[in-house]
Amino acid sequence: MPPDRGIEMSTVGIKEDSFTQGSSWSVPGEPSYDDQRESALRRWFDSFKRDPHRRVLPKYPVPGSVHDENGLGGRNSGFSVGGIEELESMRSSRDHSDHNYGPHYFDLHAANISTANTMLARELRGRHLQMIAIGGSIGTGLFVASGKSLNLGGPASLLIAYGFIGVMLYCTIQALGELAVTFPVAGSFSAYSTRFLDPAWGFAMGWNYALQWLVVLPLEIIAASITVGYWNSNMHRALFVTIFLITIVVINLFGVKGYGEAEFMFAIVKITAVIGFILLGIVINIGGFPNDGYIGSRYWTSPGAFHNGFKGLCSVFVSAAFAFTGTELVGLAAAEAVNPRKSLPTAIKQVFWRITLFYIVSLTLIGLLVPYNHPELLGAKSMADAGASPFVIAIESAGIDVLPGVMNSVILVAVLSVGNSAVFGSSRTLAALADQRQAPKILGYVDRRGRPLVAIGVASLVGLLGYLADLEQQSDVLNWLLAVSGLSSIFTWGSICLCHIRFRKAWAAKGRTLNQLAFRSQAGILGSYVGLIFNFVVLVAQFWTAAWPIPKMMPAHPDFDAGGASSSSLSLSVTNTDNTGGGAGDGAGGGFGITAIDGPPIYYPPEPTPQETVTGFFLQYLCVPIVAAFYLGHKLWFRTKVVKIEDMDLDTGRRDFNLPILVQQESDERKGWPLWKRGYKFFC
C-alpha cells in the first residue's frame, strides 16, 4: 500500500473514533457529488499525463552497453522497468551531459532495452489480432485497385500476381510471427532491423513505415470523400473529410482496445461483404440473372486472359503488394497483446489462409465477370476512385439496383478501417523510433492509459491533407501520396525476411536449439529466403515497368463515331506512327490509335514526353530514394556498422515463457484431440 494511503493508528481515538460497526469510520456519510464530479474530471485530465513513476529508458547509457565504464551490469543482466531505480541512482555519479560519448554515438543496447520495456497498454486479445491482420489488408487495394490490375494484366495475370504475392506474404508473416512471439517489442520490424541488421537500416525502415501510414491516412480520407460522391456528387467533400478524420482520431484516442474493437467490427463487415459477393458472383456467372445469361469463361476468351504480355504481369505485382499492405500490422500489435505466446501463432497461421481464400476466390470471380477493357475500368481517375471498383461494376452489369450502393457502403467502411490502421501503425512506429532516439523525444510520450498521444497527434495533423480533396488536381495529389507509400511494404517485408535469416544464424551460433523457441515459422529459414527473393523480384519488376511504362488505354470520346457500328461488336484499329503529322495522328507526338474488340471503343493517347516519363517513373519508384536518403543520412552521422552475428542481443525483450512446462502441457492437451483438430491446428 502506498505510504500516502496508510493510516496512522495512533491518531485514531480508542472510543470515539473506533473502527467497530456503527462508528464514524464504518458508516459512510452523505457523498459529496461535487467532489465526485471534480474527481472524475481530474481523473480524465490526469489520464493524459505520463505516470511519473514509470520510465522506459534512462537518460544515459545503460548497464552492459559499450560505455558501461563502471561495470554496473552485464549485457544480459536482466535489466527491466523494475531496475530503473538502480539506474536513477547512477546519475549522481555521472556527468549530466553526453559530451563524453559524442553526438555521433548510437547506443544499440539502450535501444533494445527501450523497445522491450514499452509503456504501451497490453489489452489486445486473440480475436483482435486476427481481425487486425485480416481487416488491415482488406481495403481499397482489393475493392478498388484490383480494377487497375485487371486492366493492366488481364484476369490470368491478376491471379498469377496475387498468388505470387500470397506465397511471398505467407513466408514473410511466418517469419514475422516467430520474431514477434519471441520478441514482442515496440516498433516490431523496424526494431528487428536495428537489432539484427544495422541501426541505420532500422532507422530507414522505421521512418519508411511511418511515412507509409502517415500518407495513407489522408489518401484514405480523400478516397472516402470520393466514395460518398457515388450517392451525391454535388456535396462538398471537405464536410466528409472532417467527419471521417474526427471519427478516426476519436477511435484511436480510446486507446489500443478501442482501436482493436473498431477493427474487429470493421473486419466483420468487410469479410461478410466478400463472402456475400463470392456467393452472388457465382450466381451471376452461371446465369442466375437474365441480363447476360451464362457467362462462364467468356471474358477469358474475348478480350482474353492476358493483357500487355509479360510486362502486364509485372505491372500487377506492385498493385497486388499494395492490396496486401497492412497484414504485417499483427506483428506491430504484438507489443500490446495480452498474451502474444497464445494469440499470435493462431493469428499468424489463420491470416494467410483467410486472406488467400478471400483474395483468390473473389478475384477469380472478378476476372470472370468483368472484362479487362471495360470502359469504367479505363476511366478511373485514381486508385481511390470507387466508381472504378470491379466489385461494383460486376454487380451493376448484372442489373441489380440496390446492391451497388451496398457495395459502395462496404468500400466506405473499408476505407475508414485502413485510415484507422494508418493512425495506429504510424503512431506506434513513431513512438518506437523516439524511444530508440531515432526520432524527436517528444514523439515517445505515452500517457497513463498507454496511448502515444503526441504521435497520434502528429498522424492526425498529417490527415489534414485530406482537405485537398476539393482541389481540381485531386488525382495528382492522390498519385503523389500513393507514390510515397507504394513500395514501402516491399522494403518492410524484405527486411523481415532478412532479420529472420540472421536471427536464426545468431540463435544457432549461440548453441541454442529450435525447441527453445516459443513459436517456429512453418516455412522455416528457407521460406525467408524465398520471401526475400520474391520481394527483390517485385522491386526489379517495378523498376522495369516504371522506366518503360505500358501505354495507357482510355475510353474513346463520346462524340467518336465508329460508322454506326455497335459497341458490342466493334472491331477496328486506326494507327499512325508518322511523327510528322497527318491523318488520324495529326498533332504533336503522333502515335494515336483507336482499337476495340467486342467492346466499347478505346484509344491510346500519344506517346508520353520525356518529362512525363520521368514523372511517371518517380510516381512509381519514389520510395527507393526516400529509403536511401534515410539510410545514408543515419549511416554518415552515426557511423554505424552491420551488427555481427556474435554481437546480436538475443535476450533483451525475450519473454520468459517457461517453455518446458508449456510445451509439456500443450503436448498432453494435443493427445486428446481428434485427427481433424490436429490438422486444423497445424494449419490454423
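Computed from a prediction, not measured in an experiment: that's the story for all the values here. By convention here, each chain's residues receive numbers from 1 onward along its written sequence. Reporting in this predicted model follows two pLDDT cut-offs: at least 70 for local features of residues, and 80 or more for side-chain atom pairs to be given and counted; totals over whole chains, interfaces and linings ignore these cut-offs and use all residues. Derived side-chain values reflect all non-hydrogen atoms in the structure, with water molecules and hydrogen atoms excluded from consideration.

### Quick notes on the packing of aromatic side chains
The relative placement of two aromatic rings is captured by the distance of their centres and the angle of their planes. For Phe, Tyr and Trp, rings pair up if their centres lie within 6.5 Å, where Trp contributes its six-membered ring, and each pair is then called stacked (planes under 30 degrees apart), edge-to-face (over 60) or tilted (otherwise). Within the structure shown, the criterion is met by 26 aromatic pairs. Geometrically, the ring pair formed by Phe 183 and Phe 503 is edge-to-face, given 5.8 Å between the ring centres and 85° between the ring planes. Of this pair, Phe 183 sits in the loop between helix H6 (145-182) and helix H7 (189-196) while Phe 503 is found in helix H20 (residues 488-509), placing the two residues 320 residues apart along the sequence. With respect to class, Phe 183 is no different from Phe 503; both count as buried. For the ring pair Phe 324 and Tyr 359, a centre distance of 4.5 Å and an interplane angle of 20° mean the geometry is stacked. With Phe 324 in helix H12 (residues 309-324) and Tyr 359 in helix H14 (residues 340-369), this residue pair connects regions lying 35 residues apart in the sequence. The helix and strand labels rest on DSSP assignments: H or I over at least four residues marks a helix, E over at least two residues marks a strand, and numbering proceeds from the N terminus. To sort residues, take the accessible area from a 1.4 Å probe on protein chains only and compare it with the maximum for the residue type: under 20% means buried, over 50% means exposed, and anything in between is partly exposed.

### Some remarks on helix H17 (residues 403-435)
An ideal rise of 1.5 Å per residue puts 48 Å on 33 residues; H17 measures up with 48 Å between its terminal C-alpha atoms. Burial analysis of H17 places 29 of its 33 residues in the buried class, which makes it a mostly covered element. Immediately beyond the C-terminal end of H17, within one or two residues, lies Arg 437, with a positive phi of roughly 60°. By this rule the span expected of a helix is its residue count minus one, scaled by 1.5 Å.

### Observations concerning the nonpolar core
Core analysis: the biggest nonpolar cluster contains 163 residues, and Ile 138, Phe 143, Tyr 162, Tyr 192, Phe 196 and Tyr 359 have the highest contact counts within it. The element best represented in this core is helix H8 (residues 199-228), accounting for 18 residues. When checking whether two residues touch, look at their non-hydrogen atoms; a contact exists if any pair is within 4.5 Å. Among residues more than four places away in sequence, those in contact with Phe 196 are Leu 179, Phe 183, Cys 499, Arg 502, Phe 503, Val 643, Met 648, Asp 649 and Leu 650. What we call a nonpolar core is a set of buried Ala, Val, Leu, Ile, Met, Phe, Trp, Tyr and Cys residues that are connected through their side-chain atoms within 4.5 Å. Met 119, Ala 186, Ala 432 and Val 446 belong to the second-largest nonpolar core, a separate cluster that totals five residues.

### Structural notes on the pattern of salt bridges
By salt bridge we mean one thing: a side-chain nitrogen of Lys or Arg within 4 Å of a carboxyl oxygen of Asp or Glu. A complete count under the given rule lists seven salt bridges for this structure. Between Asp 651 and Arg 654 there is a salt bridge, with the nearest N and O atoms lying 3.1 Å from each other. Where salt bridges share partners, they join Arg 512, Asp 651 and Arg 654 into one cluster.

As far as function goes, none of this settles anything; it's purely spatial.
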